[in-house]
Amino acid sequence: MSRLDSFINRMSAQRDLLNHVRDNLVLPEAGEVFEIGLGNGRTYSHLRENFPGRRVIAFDRKLASHASATPAADDFVEGEIRETGQAFIGRQAALVHADIGTGYDDKDAITLIWLPQMVSGMLASGGVAVSGLPLDHTDLELLPRLPSIAEGRYFHYRRR
Ligand code: SAM
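Residues numbered from 1 in each chain as written. Predicted model: local features only at pLDDT ≥ 70, side-chain atom pairs only at ≥ 80, totals over all residues. Heavy atoms only, no water.

Q: I'm lost on helix H4 (residues 105–122) in this one. Help?
A: Turn by turn, an α-helix covers 3.6 residues, leaving residues three or four places apart pointing in a common direction. The first and last C-alpha atoms of H4 sit 25 Å apart over 18 residues, in line with the 26 Å expected at 1.5 Å per residue. Of all the bends in H4, the greatest, near 40 degrees, is centred on Leu112, and the proline Pro116 appears no more than four residues after it. Where H4 is concerned, the buried positions are Asp108, Thr111, Trp114, Leu115, Pro116, Met118, Val119, Ser120 and Met122. (Helix = DSSP H or I, 4+ residues; strand = E, 2+ residues; numbered from the N terminus. Expected span 1.5 Å × (residues − 1). Bend = angle between axes of the 7 residues up to and from the residue. Buried < 20%, exposed > 50% of the residue type's maximum accessible area, 1.4 Å probe, protein only.)

Written as structure tokens, this is what we have:
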């Protein structure tokens, strides 16, 4: 598969899954949304539009989002998420979206040492995680793959 096809697949998987969470899953009534990996701000912008009424807090090692998708200063957490995310453990988030895969197995393996535990710890019971990397954790129940999403492309979980 070309890099272009792979990129397009990732983008549509993100949109399909976030819309699926919006339309079909029940989230805890209260609770913030966390965007792990703000990047250009595309999915951040989608989260803001589609989960109105919830505060969306974005994390990245540096602020580089498009001006139209840049969080207020209070809603952006700068630095290495492995460290900055610790303060958000127990925060009872309703939804965590994590898009910090690199496409390099060796680099992603290092992220996967800490990411599943962190995402699980950030979520309220009944909260949902959506992630480009698999989050293997006993407290995260893998939800069925959407037919439109290729095996292994994007994942979503319910926090037990
Ligand atoms: N979902 C975003 C969008 O729609 O624009 C794109 C996210 S981009 C693929 C991943 C982002 O995560 C990059 O901006 C990178 O700087 C950030 N990132 C990756 N690993 C990180 C880490 N360990 N700590 C902080 N930021 C990280």
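There's more to say after this.
Q: What's the story with the environment of Leu143 in this structure? I'm lost.
A: Along the chain, Leu143 falls in the loop between strand E6 (140–142) and strand E7 (155–159). Using a relative accessible area of 15% as the deciding quantity, one classes Leu143 as buried. In this structure the C-alpha to C-alpha distance between Leu143 and Ala129, which are 14 residues apart in sequence, comes to 9.8 Å. Beyond its immediate sequence surroundings of up to four residues, Leu143 is in contact with Leu25, His156, Tyr157 and Arg158. (Contact = heavy atoms within 4.5 Å.)

Q: Honestly, the side chain of Ser131 in this entry has me stumped. Any pointers?
A: Checked against the element boundaries, Ser131 lands in strand E5 (residues 123–131). Given the relative accessible area of 0%, Ser131 is considered buried. For Ser131, the side chain forms a polar contact with the main-chain oxygen of Leu133, separated by 2.5 Å. The residues contacting Ser131, other than those within four sequence positions of it, are Ala98, Tyr154 and Phe155. (Polar contact = N/O pair within 3.5 Å; in protein donor to acceptor, adjacent residues only side chain to side chain.)

Q: What is the right way to read the pattern of salt bridges from this model?
A: Side chains that differ in sign of charge can pair as their charged atoms come close. Taken as a whole and judged by the stated rule, the model has eight salt bridges. One salt bridge in this structure joins Glu32 and Arg55, with 3.6 Å as the shortest N-O distance. In this pair, Glu32 is assigned in the loop between helix H1 (3–24) and strand E1 (33–36) and Arg55 in the loop between helix H2 (42–50) and strand E2 (56–60), connecting sequence segments 23 residues apart. A relative accessible area of 14% places Glu32 in the buried class. Where Arg145 meets Glu151, a salt bridge forms, and the shortest distance between an N and an O atom there is 3.7 Å. By sharing partners, the salt bridges in this structure join Glu32, Arg55, Asp75 and Arg91 into a single network. (Salt bridge = Lys/Arg side-chain N within 4 Å of Asp/Glu carboxyl O.)

Q: What exactly am I supposed to notice about H1 here?
A: Here H1 is 22 residues long and its end C-alpha atoms lie 31 Å apart, about the 32 Å a rise of 1.5 Å per residue gives. Listing the buried residues of H1 in full gives Ser6, Ala13, Gln14, Leu17, Leu18, Asn19, His20 and Val21. Buried residues in H1 make contact with H2, strand E4 (93–98), E5 and E7.

By themselves, these figures tell us nothing about what the structure is for.
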